[in-house]
Amino acid sequence: MTKNLIDKLENRINNKLNLAPIFHNDENETILKNFLHSQTYLKPNKILSIININFLKKSPIGYVLYENKKKIVGFLGTIFSERKIGDKIISHCYLHSWIVDSNFRTQAFRLIMPILKNKMFISTYSPIKSLEGLYKKLEFEEKTFYSKLVFSFPLKSLNQKKINVSENHTFFFNALSNDLKQIYKDHSSLNNNIMFVYFNNNIKDNILIIVKKKYKKLFLPVVEIIYCSNFIKFRENKKNISFELFKRFKTPLFIESFFNEDSILFKNDFLKIGTQKKVYYKNIPENFKLDFLYSELLD
């Protein structure tokens, strides 16, 4: 069905508009930034922070539609990556910030065509309602995830293992598995805290976590848990881990996003102010476990 739909859409192409990839530091990036600041659909600074996430330097940061080869009238942001899933390296593209001027909405489909034709693994989180229908027609799989704000009371537990936390990357890098080393390398340049939790001074018994300190309403600091390499160990030692995070970031408030009960880190905690959101996937690889890596949730 997808191929038939694509064929029908391609018959509607307006040849007065040109489609082109856009790369970091090329001559068109300035034109793109001007377009993003002039549009009123999404916050420009938010989009600009996302397009700075660039795991594969030679891949485009998005695709644009030009009118008269000069004026941008549409943009779709992309974050390309190569991910180790199971025993294979999988090409992945995360989609964000799909913006098209109202006069050219019938041509919006063209922005996603180059990615679909590559038949790679594609994901996108929390699209607007009008795009959900298009993703379904293009045979993306819809799944649900949840985000919640949690208060974790900052008290140590004598019944849990003694926790050590290090941000010294030279110290912990060699203790990581090859898969975790790759995750660390890919994300170490982003504006996040990569932390190494180990138990009873045994660095071979460890968890890699990626967090980011944010400020919500009323300027309260919040720690967002972006990635955790071992949910079970985290939950078993949650009080002592959250206490160490409290000492480091001076807040007992945490944000976590999760897909199901197995991926919940903070159970039986206070507040639990949560929201339900949608994620769409296409060409899901075998053995893929749902997570938020390599997406805009890193920002």
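Structure: see above.
Cut-offs applied
- Residues numbered from 1 in each chain as written.
- Predicted model: local features only at pLDDT ≥ 70, side-chain atom pairs only at ≥ 80, totals over all residues.
- Heavy atoms only, no water.
- Helix = DSSP H or I, 4+ residues; strand = E, 2+ residues; numbered from the N terminus.
- Expected span 1.5 Å × (residues − 1).
- Buried < 20%, exposed > 50% of the residue type's maximum accessible area, 1.4 Å probe, protein only.
- Salt bridge = Lys/Arg side-chain N within 4 Å of Asp/Glu carboxyl O.
- Phe/Tyr/Trp six-rings, centres within 6.5 Å; stacked < 30°, edge-to-face > 60°.
- Core = buried A, V, L, I, M, F, W, Y, C linked by side-chain atoms within 4.5 Å.
- Contact = heavy atoms within 4.5 Å.
- Polar contact = N/O pair within 3.5 Å; in protein donor to acceptor, adjacent residues only side chain to side chain.
- Arc of directions from axis to C-beta.

1. Things to note about helix α9 (residues 238-249)
A rise of 1.5 Å per residue sets the reference length of α9, with its 12 residues, at 16 Å; its end C-alpha atoms lie 16 Å apart and thus fit the reference within 8%. Here α9 has its buried residues at K238, N240, I241, S242, F243, E244, L245 and F249. A positive phi of about 60° marks K250, the residue just after α9.

2. Section: the pattern of salt bridges
Between side chains of opposite charge, a pair can form when the charged atoms approach closely. Enumeration over the complete set of coordinates arrives at 13 salt bridges. Between K136 and E142 there is a salt bridge, with its nearest N and O atoms 3.5 Å apart. When its relative accessible area of 47% is taken as the criterion, K136 is described as partly exposed. A salt bridge links E256 to K148; the shortest N-O distance between them is 3.7 Å. Taken as a pair, E256 in strand β11 (residues 253-258) and K148 in strand β6 (residues 141-151) lie far apart in primary sequence, 108 residues in all. On the basis of relative accessibility, which here comes to 1%, the residue E256 falls in the buried class. What emerges from the salt-bridge pattern is a single network uniting K136, E142 and K278.

3. Observations regarding the packing of aromatic side chains
How two aromatic rings sit relative to each other is given by the distance of their centres and the angle of their planes. Taken as a whole and assessed by the stated rule, the structure comprises 23 aromatic pairs. Ring plane angle 50° and centroid distance 6.0 Å describe the contact between F145 and F259, whose orientation is recorded as tilted. Note that F145 is positioned in strand β6 and F259 in the loop between β11 and β12 (270-282), a separation of 114 residues in sequence. Exposure remark for F145: the relative accessible area of 1% places this residue in the buried category. Overall, F259 belongs to the buried group, its relative accessible area being 8%. Measuring from ring centre to ring centre gives 5.3 Å for F145 and F292, while their planes differ by 65°; the resulting arrangement is edge-to-face. Of the two residues, F145 sits in strand β6 while F292 sits in the segment after β12, which places them 147 residues apart along the sequence. The pair F145 / F292 is uniform in exposure class, with both members buried.

4. Side note on the environment of L138
Relative to the assigned elements, L138 resides in the loop between α5 (129-137) and β6. We classify L138 as buried; its relative accessible area is 1%. When the C-alpha positions of L138 and T251 are compared, they lie 43 Å apart, and in sequence the two are 113 residues distant.

5. With respect to the nonpolar core
Judged by nonpolar contacts, the single largest core of 31 residues is most densely connected at Y125, F172, L176, I183, I210, F259 and Y281. Every element with two or more residues in this core is listed here: β3 (71-85), β4 (88-100), β5 (121-125), α7 (178-187), β8 (193-199), β9 (202-215), β10 (221-228) and β12. In this view, I183 contacts I210, Y227, L293 and Y294; residues no more than four positions away in its chain are not counted. Membership of the second largest hydrophobic core comes to 25 residues, among which are Y63, F80, I112 and F140.

6. Regarding the side chain of K148
The class of K148 is buried, set by a relative accessible area of 10%. Here F266 takes part through its backbone oxygen, which lies 2.7 Å from a polar atom of the side chain of K148.

7. Quick notes on the environment of L297
Along the chain, the position of L297 falls in the segment after β12. Overall, the relative accessible area of 22% leaves L297 in the partly exposed class. Along the backbone, L297 and E236 are 61 residues apart, and their C-alpha atoms lie at a distance of 25 Å. Setting aside chain neighbours within four positions, we find L297 in contact with E224, I226 and F292.

8. Re the side chain of R110
Turning to its location among the elements, R110 is positioned in the loop between β4 and α4 (113-117). The class of R110 is buried, set by a relative accessible area of 9%. Those residues in contact with R110 that sit more than four places away from it in its chain are I13, N14, L17, N18, L19 and L65.

9. Section: helix α2 (residues 29-38)
Every buried residue belonging to α2 is among E29, L32, F35 and L36, and all of these are buried. An end-on view of α2 places all buried positions within 115° of arc, on one side of the element. In α2, the exposed positions that point more than 90 degrees away from the buried face belong to T30, N34 and S38. Tucked into the core, α2 has its buried residues touching β1 (17-22), α3 (44-51), β2 (62-67), β3 and β4.

By themselves these figures say nothing about function.
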